[in-house]
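Chain and residue survey
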Amino acid sequence: MKSPRVLAAALLLAGGAVAFSAVPAFATEVIPIDPPAGAPTDKCADLTEPKQDTEGNPLSVEISAPDGFVITMYCVKSGSDNQGDGPLYFEVVPPTQTLTISYPDGRELSHYSFAYKKAATTPPTTPPVTTPPVTTPPETTPATPPASTTPPAGGGDGGTALAETGFENGWLAFIGIGALALGGALIAPRLLAKRR
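Definitions and cut-offs
Residues numbered from 1 in each chain as written. Predicted model: local features only at pLDDT ≥ 70, side-chain atom pairs only at ≥ 80, totals over all residues. Heavy atoms only, no water. Disulfide = S-S within 2.5 Å. Helix = DSSP H or I, 4+ residues; strand = E, 2+ residues; numbered from the N terminus. Buried < 20%, exposed > 50% of the residue type's maximum accessible area, 1.4 Å probe, protein only. Phe/Tyr/Trp six-rings, centres within 6.5 Å; stacked < 30°, edge-to-face > 60°. pLDDT = per-residue confidence, 0-100. Contact = heavy atoms within 4.5 Å.

**A look at the state of the cysteines**
In total, this model carries 1 disulfide according to the counting rule given. One disulfide bridge connects Cys 44 with Cys 75, the sulfur atoms lying 2.1 Å from each other. Residues Cys 44 and Cys 75 share a disulfide whose torsion about the S-S bond is about -80 degrees; that sign makes it left-handed. One end of the pair, Cys 44, is in the loop between strand 1 (29-33) and strand 2 (49-53); the other, Cys 75, is in strand 4 (residues 69-77), and 31 residues separate them in sequence. Since its relative accessible area comes to 2%, Cys 44 is described here as buried. Exposure remark for Cys 75: the relative accessible area of 0% places this residue in the buried category.

**Remarks on the packing of aromatic side chains**
Across all of its chains, the model carries 3 aromatic pairs by this definition. Arranged with centres 5.6 Å apart and planes meeting at 75 degrees, the rings of Phe 69 and Tyr 116 form a pair that is edge-to-face. Of this pair, Phe 69 sits in strand 4 while Tyr 116 is found in strand 7 (residues 111-118), placing the two residues 47 residues apart along the sequence. Phe 69 gets classed as partly exposed once you look at its relative accessible area, which sits at 27%.

**Description of the confidence of the model for the protein chain**
Averaged over every residue, the pLDDT of the protein chain is 74; residues scoring 70 or more account for 51%. Here residues 5-25 scores under 50 on pLDDT; set against residues more than four positions off or in separate chains, the count is 0 contacts. Segment residues 161-165 is flagged for pLDDT under 50; beyond a separation of four residues in sequence, or across chains, it makes 1 contact in the model.

**Points about the side chain of His 111**
Assignment of secondary structure puts His 111 in strand 7. When its relative accessible area of 6% is taken as the criterion, His 111 is described as buried.

**Some thoughts on the environment of Thr 54**
Tracing the backbone through its elements, the reader meets Thr 54 in the loop between strand 2 and strand 3 (60-64). A relative accessible area of 16% places Thr 54 in the buried class. Once the C-alpha coordinates of Thr 54 and Tyr 112 are considered, the two residues, 58 residues apart in sequence, prove to be 7.8 Å apart.

And the structure:
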């Protein structure tokens, strides 16, 4: 039997996944608007996409703008204007490429039209090219040993030549690590033998 913690964690993860998948990424809202100026009162005005009659008076229709365009507004009409089923116009916020439209109160659609525009494209953001400033190293004059008439004790030049050869002691660290590793390799068999 699984522990209560494992079961609780599995339930929390499953619940979170269901809740996350139920939230739409972008919610499109349709807002009622006034008809365009000069629009007929008995039918939908011809918009970017002219008036289209439906077949079989469906309850909803899926409309799509061409590639690279988004739907901004649409009109739907149900029955006769005398029955209060005249054309209604809606703004689509934010504009979308595909949308399912319907008449309020679930009435059948007799015809529709919609408007679309070119989708806004965001130009790719490229960071400005910057060239690093040119830095000129300061001019240095080689160090000259102090003039001395007396050579140092023990002969030679007091270590000046050694500094000029570019001697670096970084390699000493590698020798030290190597010596430690070798010593460990020699001592390890003895320590293992004592434990047996």
